[in-house]
Amino acid sequence: MELLPRKNVYKANLHCHSNLSDGKLTPEELVQMYHDLGYSVLAITDHEFCIDHSDLNRPDFLTLTGYEYQIVDPERPRRPGTKCCHICLLSKDPHEFKHIAFNPEAYDFKRLCHADEEQRQKFRYTGDGTVLKYYDTEFINEVVKEANENGWIVAYNHPTWSLEDWPTYSKITGFYAMEIYNSDCYMLGLEEYNSRVYDTMLKSGCRLGAIATDDCHYGHPLEDPRCDMGTGWTNICADTLAYDDIWQALKKGDFYASTGPEIRRIAYEDGKIKVETSDAVRIALSTGTRRADCVMAARTEAQKKAGCPTVVNAAEFSVRPEDKYVRITVKDAAGCCAFSRAYFLDEMQ
């Protein structure tokens, strides 16, 4: 059974900001730069503001319609120590983008949205526009539920930057994915590799994938090591680059996250997970329990002299009934990683 579909693979950034909110580049510049970097898919997810960017599409490049929504304590919205929850919404229909759980009276256009008046006139929302945001898991779940019911898929963003903790992320539901890596937060100096958060959510009963994103604001140019463009991406396995094919692949979990390595195959055969990758120094199995396993390349000269391989490209791991789920992490010689989503055992029947 092929767990990672053998289809076309499209490199995507699913979280970035243009100068319509707090990014430095125009939507047109973002599309050109990501295209030049070899990407095929880009979601321009400006803060609290969504418009259709399909006019920027090309035969080999697709924009997804989406935006980023913030949930924060309204009494302490701008303090550095305030917890918040950020989520990215992607619309099933590129031309339908009614904002979820929105209150125009509470919306700070001056700070959040730099769009011109013509673009602002396109702003639409569901409901009566009287929603009052407040930060707790009940409200987060209500927003995600409303989004799902109105044709959006929702990703959970950068929990480290958001100062969120186990009591929050162990109880939130309805997401298709969470950010296991976020470039912008990492370049700010935060440890925004979130494998432990991901496992906590999985063990709490959530079933969701893992994505890597840039969250690009372009605060530093490409030649600067701190640039937040092109260092975290999601490889989407789909039949074509058509909007619906890409959106449905994300909803189904047909993707993996990466900051470098490739995962070329994940299959379940004869009670084992079989993995094929690009050159790696470590391929690891994580499960829903303490049990784990890994295959590693030689790390010392003695190991190399003993004939141990200096890179690994494949691994096989047994699957046990108590594992609950399995997922794969691949690390290369540069320390970059790729992360599969979690595959639950009932998917492998």
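Okay, so let's go over this structure. (Residues numbered from 1 in each chain as written. Predicted model: local features only at pLDDT ≥ 70, side-chain atom pairs only at ≥ 80, totals over all residues. Heavy atoms only, no water.)

Things to note about the overall build of the protein chain
Right, on to step 1. From N to C terminus, the protein chain includes nine helices and 17 strands.
Right, on to step 2. Radius of gyration (C-alpha) of the protein chain: 20 Å, near the 20 Å computed for a compact globule of 349 residues.
Right, on to step 3. Once the C-alpha set of the protein chain is aligned to its principal axes, its extents read approximately 70 × 40 × 40 Å.
Right, on to step 4. Per-residue burial for the protein chain yields a buried fraction of 53% across its 349 residues.
Right, on to step 5. Of the contacts made within the protein chain by residues no fewer than 6 positions apart, 69% connect residues no fewer than 24 positions apart.
Right, on to step 6. Total accessible area on the protein chain is roughly 15,500 Å²; 49% of this is exposed by carbon and sulfur atoms.
Right, on to step 7. One finds the centroid of the 40 positive side-chain charges in the protein chain at a distance of 7 Å from the centroid of its 55 negative side-chain charges. (Helix = DSSP H or I, 4+ residues; strand = E, 2+ residues; numbered from the N terminus. Rg over C-alpha atoms; globule rule 2.2 N^0.38 Å. Buried < 20%, exposed > 50% of the residue type's maximum accessible area, 1.4 Å probe, protein only. Contact = heavy atoms within 4.5 Å. Areas by Shrake-Rupley, 256 points an atom, 1.4 Å probe, with all protein chains shown as cover. Lys, Arg positive; Asp, Glu negative; His and termini not counted. Charge placed at Lys NZ, Arg CZ, Asp CG, Glu CD.)

Digging into unusual backbone geometry
Right, on to step 1. Within the chain, Glu-48 stands out as a residue other than glycine whose phi angle is a positive 60 degrees.
Right, on to step 2. Turning to its location among the elements, Glu-48 is positioned in the loop between β2 (41-44) and β3 (62-72).
Right, on to step 3. Relative accessible area serves as the criterion here: at 7%, Glu-48 is assigned to the buried category.
Right, on to step 4. Phi is positive for Tyr-218, which is not a glycine, with a value near 60 degrees.
Right, on to step 5. As for its placement among the helices and strands, Tyr-218 is situated in the loop between β7 (209-213) and β8 (233-238).

What about the pairing of strand β10 (residues 263-269)?
The two faces of a sheet get side chains in turn, since along a regular strand they alternate between them.
Right, on to step 1. Sheet topology places β10 next to strand β11 (residues 272-280); six bridges connect them, and they run antiparallel. If you follow Ile-266 over to β11, its bridge partner there is Val-275.
Right, on to step 2. Hairpin connection from β10 to β11: two residues lie between these consecutive antiparallel strands, with Asp-270 at a positive phi of about 55 degrees. (Pairing = 2+ DSSP bridges.)

Regarding the pairing of strand β1 (residues 8-13)
Right, on to step 1. One ladder, built from five bridges, connects β1 with β8; its direction is antiparallel. Residue Asn-8 lies in a different strand from β8, and its bridge partner there is Ala-238.
Right, on to step 2. Here β1 pairs with β2 via two bridges, running parallel. When the sheet's bridge partners are listed, Ala-12 is paired in β2 with Val-41.

Focus on the nonpolar core
Right, on to step 1. With 38 residues, the main nonpolar core has Tyr-69, Ile-87, Leu-89, Phe-175 and Met-201 as its most contacted residues.
Right, on to step 2. Of all elements in the fold, only β3, β4 (84-91), α4 (137-149), β5 (152-156), β6 (177-182), α7 (195-203), β7 and β16 (337-340) reach the threshold of two or more residues within this core.
Right, on to step 3. It is α4 that provides the largest number of residues to this core, a total of five residues.
Right, on to step 4. Aside from chain neighbours lying at most four places away, what touches Ile-87 is Tyr-67, Glu-68, Tyr-69, Val-143, Val-144, Val-154, Ala-155, Asn-157 and Phe-175. (Core = buried A, V, L, I, M, F, W, Y, C linked by side-chain atoms within 4.5 Å.)

Comments concerning the side chain of Arg-291
Right, on to step 1. Relative to the helices and strands, Arg-291 is located in the loop between β12 (282-287) and β13 (292-296).
Right, on to step 2. The exposure class of Arg-291 is buried, given its relative accessible area of 16%.
Right, on to step 3. Among the polar contacts made by the side chain of Arg-291, one reaches the main-chain carbonyl oxygen of Ser-318 at a distance of 2.9 Å.
Right, on to step 4. Within the local environment of Arg-291, its side chain forms a polar contact with the side chain of Asp-323, the two groups lying 2.7 Å apart.
Right, on to step 5. If near-sequence neighbours (up to four positions away) are discounted, Arg-291 is found in contact with Leu-285, Ser-318, Val-319, Arg-320 and Asp-323. (Polar contact = N/O pair within 3.5 Å; in protein donor to acceptor, adjacent residues only side chain to side chain.)

Quick notes on the sheet that holds β11
Right, on to step 1. Overall, antiparallel pairing links the three strands, which are arranged β10-β11-β14 in an open sheet. A single partner strand is all that each edge strand has here, and the edge strands are β10 and β14 (312-318). Between one strand axis and the next, the sheet turns through 15 degrees on average, direction left out of account.
Right, on to step 2. Looking at chain direction, β11 and β14 are connected through six bridges and run antiparallel. In the strand pairing of β14, Val-275 is matched with Ala-315. (Axes fitted to C-alpha atoms, helices over the stretch in contact; angles between N-to-C directions.)

As for the packing of aromatic side chains
Right, on to step 1. Overall, the coordinates contain 10 aromatic pairs when judged by the stated rule.
Right, on to step 2. Arranged with centres 4.8 Å apart and planes meeting at 85 degrees, the rings of Tyr-34 and Tyr-39 form a pair that is edge-to-face. Take Tyr-34 and Tyr-39: they sit in the same class, and that class is buried.
Right, on to step 3. Three or more aromatic residues joined by ring pairs make a cluster, and in this case those are Tyr-181, Tyr-186, Tyr-193 and Phe-339.
Right, on to step 4. Over the aromatic face of Tyr-69 sits the side chain of Lys-133, whose NZ or CZ is 4.2 Å from the ring centroid.
Right, on to step 5. In this arrangement the basic side chain of Arg-207 is found over the ring face of Phe-344, its NZ or CZ atom lying 4.1 Å from the centre. (Phe/Tyr/Trp six-rings, centres within 6.5 Å; stacked < 30°, edge-to-face > 60°. Lys NZ or Arg CZ within 6 Å of the ring centre and 35° of its normal.)

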